[in-house]
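So you can see what is in the structure, the chains are spelled out below.
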Amino acid sequence: MDAKIYSVTAREILDSRGIPTVETMVILNSGYRGTVSVPSGTSIGKYEAVELRDEDVKRYNGMGVLKAVTNVNTVIAKKIAGMDAFSQGAIDKTLVDLDGTPNKATLGANAILSVSLAVSVAAANHMKLPLYRYLNRLAGTGKPPEITHIPTPIFNVINGGKHGAGNLDFQEFQLIPATNKPFHTALEMGAEVYQSIKKILIYRNAVHSVGDEGGFAPNLFTNIDALEILQEAIKSSSYKIGFDVFLGLDIAASYFKTPRGYQIKDRSSPYQSSELVEYYKILHEKYHLLLLEDPFDEDDWESWKKITGSLGSDVLIIGDDLLATNSARLTRAIEEKACLAILMKPNQIGTLSEFFAVAVQAKQHGLKIVVSHRSGETNDTYIADLAVAVQSEYMKFGAPARGERVAKYNRLLQIENELKL
Ligand code: PGA
Ligand code: ZN
């Protein structure tokens, strides 16, 4: 039996935050099938593709996704039924054309992405290939990237900003094992330090419940307090900071930008751009920052250029909200030397083919890639296979705790084992 699409069916399910999302199943004539659920962000960038929500306050506070589900079950299903599941490019182009807007506002990127990804899972199953192998074949232009490593994890161990308890301005306080560690060792390191943080928080009588991404969301007062705890936790382990393990920050600065400057709790008056650059330099000297994500607002290009120019030789400056996995924004960032790495989230752009095109563009211009989950996840592990397939340098799947996060890490353990890496 052939690999033509027999049916496409979506439903509304819940994500890890208890908010609805879309799950889609694609069945081929051969009987092979693929089911994928899409993630959803909390700190959503201005330039991301549109996540279609029902806005019906009588259901899920307006967050239902029945419109997106209906779009899959009607217009999309009708249009792609009978297409060959191996024609990922043609299917994605059909989805983009059917939507007809630059940001997928008609059908919703949640609807479109769920179909795009589910098609690839069904195709991989039809070929009896592990998903990462099948995706790897689609990932390059011409020659796919050779699979030589599992991307290095960036563990989000303390959650602030929109993911936390509301008292830390920076969104993610991260722990990054050295890139030469095998994945299973990196995971062990992340989990051990995570447990040490918990002990320190208990000892300090600080709240040790967790935030959206499984990292602790303590009732600390300043961003520095969080970095100090992280440093203390590493010191209490057998790992050496700046050698075995490094720190990173996703600042998500758009969320504390005010008309008067960048307002954080570490100081009463807002920081101007040049002051904030100096502040980041001090943080780097003190805490060995390996990376800084979204250090400035997504429209503040001048500051991005400034920080990449002055700190970029030492610290990986990563664009998330700045780039929104969008080729046009990446082109501008390359031209203006605004950052050195791109955070890549499939639902920021909406189809698998566009995701791969952005990855190729980033690699061609020497930018490093971080494949990333969202704060709202399900137990779906697609993103783990995707990170291996594109052979990104890093991946960001949250804390080494909570079901929807460890599902991805555990999937990577399987892949590592299978590849004998
Ligand atoms: P989000 O956060 O999924 O809530 O957007 C992740 C990030 O900013 O990297
Ligand atoms: Zn981010």
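Residues numbered from 1 in each chain as written. Chains lettered and ligands numbered in written order. Predicted model: local features only at pLDDT ≥ 70, side-chain atom pairs only at ≥ 80, totals over all residues. Heavy atoms only, no water.

The name that an unreviewed UniProt entry assigns to the chain is Enolase, with the source organism given as Candidatus Gottesmanbacteria bacterium RIFOXYB1_FULL_47_11. Per UniProt, the chain has the following entry under Catalytic activity (unreviewed entry): "(2R)-2-phosphoglycerate = phosphoenolpyruvate + H2O". The annotation that UniProt attaches to the chain under Sequence similarities (unreviewed entry) is "Belongs to the enolase family." (UniProt positions renumbered as here; feature names shortened; annotations may be inferred.)

Caption draft 1: View of the domain arrangement of the chain. Looking at the chain, the domain boundaries give domain 1 (5–128) and domain 2 (152–419). The straight-line distance from the C-alpha centre of domain 1 to that of domain 2 is 27 Å. Across the domain 1 to domain 2 interface the summed buried area is about 2,500 Å²; carbon plus sulfur atoms make up 51%. Summed over the shared surface of domain 1 and domain 2, the number is three salt bridges. (Domains from an automatic or database assignment. Buried area = accessible area lost by both parts, 1.4 Å probe. Salt bridge = Lys/Arg side-chain N within 4 Å of Asp/Glu carboxyl O.)

Caption draft 2: Representation of the pattern of salt bridges within the structure. Summed over the entire model, instances satisfying the criterion amount to 26 salt bridges. As a salt-bridge pair, lysine 281 and glutamate 278 come within 3.4 Å of each other at their nearest N and O atoms. You can see lysine 281 and its partner glutamate 278 sitting in helix H7 (residues 273–287), three residues apart, about one turn around the helix. The partner of lysine 396 in a salt bridge is glutamate 293, with the nearest N and O atoms 3.0 Å apart. Note that lysine 396 is positioned in strand S13 (residues 394–398) and glutamate 293 in strand S9 (residues 289–293), a separation of 103 residues in sequence. Given a relative accessible area of 2%, lysine 396 falls into the buried group. What you see here is one network of salt bridges that share partners, running through Glu172, Asp250, Glu293 and Lys396. (Helix = DSSP H or I, 4+ residues; strand = E, 2+ residues; numbered from the N terminus. Buried < 20%, exposed > 50% of the residue type's maximum accessible area, 1.4 Å probe, protein only.)

Caption draft 3: Highlighting the environment of aspartate 244. Looking at where aspartate 244 falls in the secondary structure, it is placed in the loop between helix H6 (223–235) and strand S6 (245–250). Between the C-alpha atoms of aspartate 244 and alanine 338, which are 94 residues apart in sequence, the distance is 29 Å. If sequence neighbours within four positions are ignored, aspartate 244 has contacts with Ile176, Pro177, Ala178, Lys181, Met189, Ser238 and Tyr239. Looking at aspartate 244, its side chain comes within polar contact range of the side chain of lysine 181, at 3.3 Å. (Contact = heavy atoms within 4.5 Å. Polar contact = N/O pair within 3.5 Å; in protein donor to acceptor, adjacent residues only side chain to side chain.)

Caption draft 4: Main features of the site of ligand 1. Around ligand 1, 15 residues are found, and the nearest of them are Thr42, His163, Arg374, Ser375 and Lys396. Within the backbone of threonine 42, one N or O atom sits 2.7 Å away from an oxygen atom of ligand 1. One of the side-chain N or O atoms of aspartate 250 is found 3.1 Å from an oxygen atom in ligand 1. Computed on the free molecule, ligand 1 has an accessible area of 270 Å², of which 99% lies beneath the protein chains in the complex. Cavity membership is defined here by more than half of the atoms lying within 2 Å of grid points; on that basis ligand 1 lies in the second largest cavity. Taken together, the residues of the shell around ligand 1 break down into one nonpolar, six polar and eight charged. Residue-level mapping places the shell around ligand 1 at the junction of two domains, with at least three residues from each of domain 1 (5–128) and domain 2 (152–419). (Near = heavy atom within 4 Å. Areas by Shrake-Rupley, 256 points an atom, 1.4 Å probe, with all protein chains shown as cover. 1 Å grid on protein atoms, 1.4 Å probe; cavity = no way out; pocket = protein on both sides within 12 Å on 5 of 7 lines; lining within 4 Å. Sits in = over half its atoms within 2 Å of the grid points. Nonpolar A, V, L, I, M, F, W, Y, C, P; charged D, E, K, R; others polar.)

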